[in-house]
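Spelled out from the first residue to the last, the chains are:
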Amino acid sequence: MPIRFFNTYSRQLEEFETRDTASRSPRDEPGRPADKIDIYTCGPTVYSRAHIGNFRAYVFEDLLQRHLELRGYRVHRVMNITDVDDKTIRGAREAKIPLSKFTEPFKHAFFEDIDTLRIKRADDFPSATDQRYIDKMIEMIAALISRGLAYQADDQSVYYRISKFPNYGKLAHFDLTQLQPTGRVKNDEYDKEHIGDFALWKAWDEEDGDVKWDSPWGPGRPGWHIECSAMATAILGDQIDIHCGGVDNIFPHHEAEIAQTEGVTGKRFVCYWLHCAHLLVDGQKMSKSLGNFYTLPDVLERGYSGREIRYALMRVHYRAPLNFTWEGMEEARQALGRIDEWIMRLEEKSQEENAQRSTSNVEPPMQRFEAALDDDLNISGALGVLFDGIRDSNRALDEQTMDSAAAHRWLQWWSRIDRVLAVTETRAGIPDEIVALAEARAQARLAKDWRKSDELRDELMARGWEARDTKDGQKITKRSGS
Ligand SMILES: [Zn+2]
């Protein structure tokens, strides 16, 4: 069965085809390099520590990437860091420190959290304030103005003219005429032509302090939406395979990304739009006032590990709302405990030197785990396959009908599955985030990305761990004296 995804744009399950495949002629030979998939994922706005609802989306994106890689694709994923917007500027002003000083610790915390959750690091983490992306944003805005798709208003800000982009509202299935007053609308805040026009460039005002960049329209800063269009196309090109985010990103953020990018390039921006549903806590929307607002350290403080939280966030289908509860965390712990015990039994069995042959025909259900995930990442189906396998093989172990070779096959089956789940108990004493960094470094070395490999080695060093490369692979040890 081919891979299928639910595309928000068409509101349909669609067979997944990469742009690579679509452009290849039928005569292409086998043995060619694997298809490449470009994925853009909206990242954090670094004005506070991210909450577990944010991480639900990032865990889903990690599952997507790992599954596609298991299926043999080469994934290039970009995740942006929004380090300039209304919220970050307000935070810096209130703390009376420069913007970059204010956002720095939140960037750091974000990387710490994704490592704890064993989320693979993206290939690129562009920051919106990087001058090369600011330049790209300005270039795109200028192109939109020259095409009549944007205009500078009396308040000096530049806005997107949504009435000139016929597809505006297609992604959100949003009928513009519903809120469409004709002619010029005077709005308290803005001097825009249409109430739905959104800012591409925000003219500087006193509240912005020293946060400003020069532009052909005067000093100011970019709007949030153009940041993503510019960073996505600067790194991945005019067209990308998959764009992900949470459902709350659909409108206006992703709708605006389409209007901006396609307005400039004239090409279809994204082939598949995948959106992750909300996370609820005890059946309610998470909010600080309800006291049900959790960051990752809040959950770790209750004694749960990164892999337990990862499992709890991953086990529900990404398009269904996930209800986070402490009972759910306990269930995650039990499920992982079952897996750990099963692996231990298989390892013991696989090391037995017995001549006894299997008398049971219980074999790992190869491919069935992946096949479930092929169906729009049906994780419940995939976990069902796993736990059925655990039950059947445990029974064969109980009945002494499995031999060491069969145990070995089951372990191989598991190691394939765990490339996607990434929940194996690590060697005692090495924290999850260190293991994740080490894994990222091993991958960087495989890709011959020495710069990244060195950066990760330095980061491990800074956290008190040493990475040594031996003929048996990378070895991680605690640095003496730390
Ligand atoms: Zn975005």
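Our structure's up above, just so we're on the same page.
Residues numbered from 1 in each chain as written. Predicted model: local features only at pLDDT ≥ 70, side-chain atom pairs only at ≥ 80, totals over all residues. Heavy atoms only, no water.

**Things to note about the packing of aromatic side chains**
- Enumeration over the complete set of coordinates arrives at 26 aromatic pairs.
- Relative to Phe110, the ring of Tyr58 lies with its centre 5.7 Å away and its plane at 85°, an arrangement referred to as edge-to-face. Note that Tyr58 is positioned in helix 2 (residues 52-70) and Phe110 in helix 4 (residues 99-116), a separation of 52 residues in sequence.
- Taking relative accessible area as the criterion, Tyr58 reaches 6% and is therefore assigned buried.
- Residue classification places Phe110 among the buried residues on the basis of a relative accessible area of 3%.
- Chaining the aromatic ring pairs together yields one cluster made of Tyr160, Phe165, Tyr168, Phe174, Phe198 and Phe251.
- Here Lys288 stacks its cationic end above the ring of Phe293, 4.7 Å away from the centre of that ring.
- The ring centre of Phe6 lies 4.2 Å from the NZ or CZ of Arg319, which sits over that ring. (Phe/Tyr/Trp six-rings, centres within 6.5 Å; stacked < 30°, edge-to-face > 60°. Helix = DSSP H or I, 4+ residues; strand = E, 2+ residues; numbered from the N terminus. Buried < 20%, exposed > 50% of the residue type's maximum accessible area, 1.4 Å probe, protein only. Lys NZ or Arg CZ within 6 Å of the ring centre and 35° of its normal.)

**A few points about the sheet that holds strand 12 (residues 284-285)**
- The strand order across the open sheet formed by 3 strands is 12-11-13, and the pairing between neighbours is mixed. One side of each edge strand has no neighbouring strand; the edge strands of this open sheet are strand 12 and strand 13 (322-324).
- Two elements, strand 11 (residues 279-281) and strand 13, share 3 bridges in a ladder whose sense is parallel. Residue pairing in the sheet places Leu279 in a bridge with Leu322 of strand 13.
- Contacts between helix 2 and the sheet are confined to strand 11 and strand 13, with strand 11 contributing the most and set at about 145° to the helix. (Pairing = 2+ DSSP bridges. Contact = heavy atoms within 4.5 Å. Axes fitted to C-alpha atoms, helices over the stretch in contact; angles between N-to-C directions.)

**Here we look at the packing of helix 2 against helix 9 (residues 306-314)**
- Where helix 2 contacts helix 9, the two axes come as close as 9 Å, and the packing angle between them is 85°. The pairing of helix 2 with helix 9 is recorded here as roughly perpendicular in orientation. Along the contact surface, helix 2 presents Ile52, Phe55, Arg56, Val59, Asp62, Leu63 and Arg66, while helix 9 presents Arg310, Leu313 and Met314.
- Each residue belonging to the contact of helix 2 with helix 9 can be placed in one class, and the counts come to 6 nonpolar, no polar and 4 charged. (Parallel < 35°, antiparallel > 145°, perpendicular 65-115°, else oblique. Nonpolar A, V, L, I, M, F, W, Y, C, P; charged D, E, K, R; others polar.)

Note that every value here comes from positions in space, so none of it alone points to a role or purpose.
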